[in-house]
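Fold and contact review
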Amino acid sequence: MIYKQTHIIGIEEINSHCEATNRALLVAMENIACAYSANVGYGARDIETKKRAWILLQWKMQVLKRPFYNEKVEIITWSRNIDKLFAYRDYEIRYENGELLAIGTSKWLFMDTERKRPMRITEDVMKLYGNENKSVFKKDEDKIQYDENQLKVVKSQPYRLLRRDFDMHGHMHNINYLDMVYEVLPQDVYDTVDFRTVHIEYKKQILPDTIVYCKYYKQDFTHYVIVISDEGIHSIIVLTEADVLLS
């Protein structure tokens, strides 16, 4: 099923050029995914009774053109594929005239919240979400590839977790990983580079009181941030500069 919502870009969603930020566009995609799930009975308010929740494993978003402050956009989503283990959801953001502004995809795991374990996605749940078999990306690589040797030579930067970083499940909210990345980028990169592609892979949840470090390095037009702690790698985030777009 194709699901749509309209959205007006707000003042808190823009950068110094009055354009929508990557965070704002990702939040719009997240919100419509959650809204659709709520409509079929698996929303945030259903977790307490059904003991089921969707856990995000991966984001990938590409911005083609940024909408401006107070402009109306249409957020569109559909279930691209769903099997017994994972669900994949794709997104488009367009102007009302149909002009394409951004595309995205996400990968989800169905979780038993009482046992805190992944569970198989049953046929009845699959039917609720459907399968459009339509992909916004020609290539859809699940795993982010990065240079492990770089991690041995780049310095670790500590990141202080705040109460606002944590969500209703008690772990760091997925969108806040992007906030963390922007905090640890070198100042000249933060000030001058327009990142049009965001790719985030979540490997291990971050809980309160976790001591987190970030390792940053750049290769050509691609910037990597690896989020680590004594427990291992929590997340890999890749930002690609505007001149290099994915197909």
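The text that follows walks through the structure, step by step, so that each part is easy to find. The shown structure was predicted, so the numbers you read here are calculated from the model rather than taken from an experiment.

Analysis parameters
Residues numbered from 1 in each chain as written. Predicted model: local features only at pLDDT ≥ 70, side-chain atom pairs only at ≥ 80, totals over all residues. Heavy atoms only, no water. Phe/Tyr/Trp six-rings, centres within 6.5 Å; stacked < 30°, edge-to-face > 60°. Helix = DSSP H or I, 4+ residues; strand = E, 2+ residues; numbered from the N terminus. Buried < 20%, exposed > 50% of the residue type's maximum accessible area, 1.4 Å probe, protein only. Lys NZ or Arg CZ within 6 Å of the ring centre and 35° of its normal. Salt bridge = Lys/Arg side-chain N within 4 Å of Asp/Glu carboxyl O. Expected span 1.5 Å × (residues − 1).

For the structure on display, the rule yields nine aromatic pairs. Arranged with centres 5.6 Å apart and planes meeting at 70°, the rings of Y42 and F110 form a pair that is edge-to-face. Of this pair, Y42 sits in the loop between α1 (22-39) and α2 (47-50) while F110 sits in strand β5 (residues 100-112); the two residues are 68 residues apart in sequence, bridging distant segments of the chain. For the pair Y42 and F110, a shared accessibility class is recorded, and that class is buried. One aromatic cluster in this structure is built from Y3, Y36, Y42, W54, F110 and Y129. In this structure, K50 packs its charged tip against the face of Y42, placed 4.3 Å from the ring centre. Directly above the ring of F137 sits K60, whose terminal nitrogen or CZ lies 4.5 Å from the centroid.

The backbone phi angle of K51 is positive, close to 55°, even though this residue is not glycine. Inspection of the secondary structure puts K51 in the loop between α2 and β2 (52-63). Positive phi outside glycine occurs at D220, with the angle close to 55°. For D220, the position within the fold is in the loop between β9 (212-219) and β10 (222-229).

Our focus in this paragraph is the pattern of salt bridges. Applying the stated criterion across every chain yields a total of 10 salt bridges. Between D112 and R52 there is a salt bridge, and its shortest N-O distance comes to 3.7 Å. You can see D112 sitting in strand β5 and its partner R52 sitting in strand β2, a full 60 residues away along the chain. D194 is the partner of R66 in a salt bridge, and the nearest nitrogen-oxygen pair spans 2.9 Å. Of the two residues, R66 is situated in the loop between β2 and β3 (72-82) and D194 in the loop between α6 (187-192) and β8 (195-202); the sequence distance between them amounts to 128 residues. For R66, a relative accessible area of 6% puts it in the buried group. Each of R66, D194 and R196 takes part in salt bridges that share partners, so that together they form one network.

On to α1. Under the 1.5 Å per step criterion, the end-to-end length of α1 is 26 Å for 18 residues, consistent within 8% with the ideal 26 Å. Counting buried residues in α1 gives 13 out of 18 residues, a clear majority hidden from the surface. Looking one or two residues beyond α1, the residue adopting positive phi is G41, at roughly 100°.

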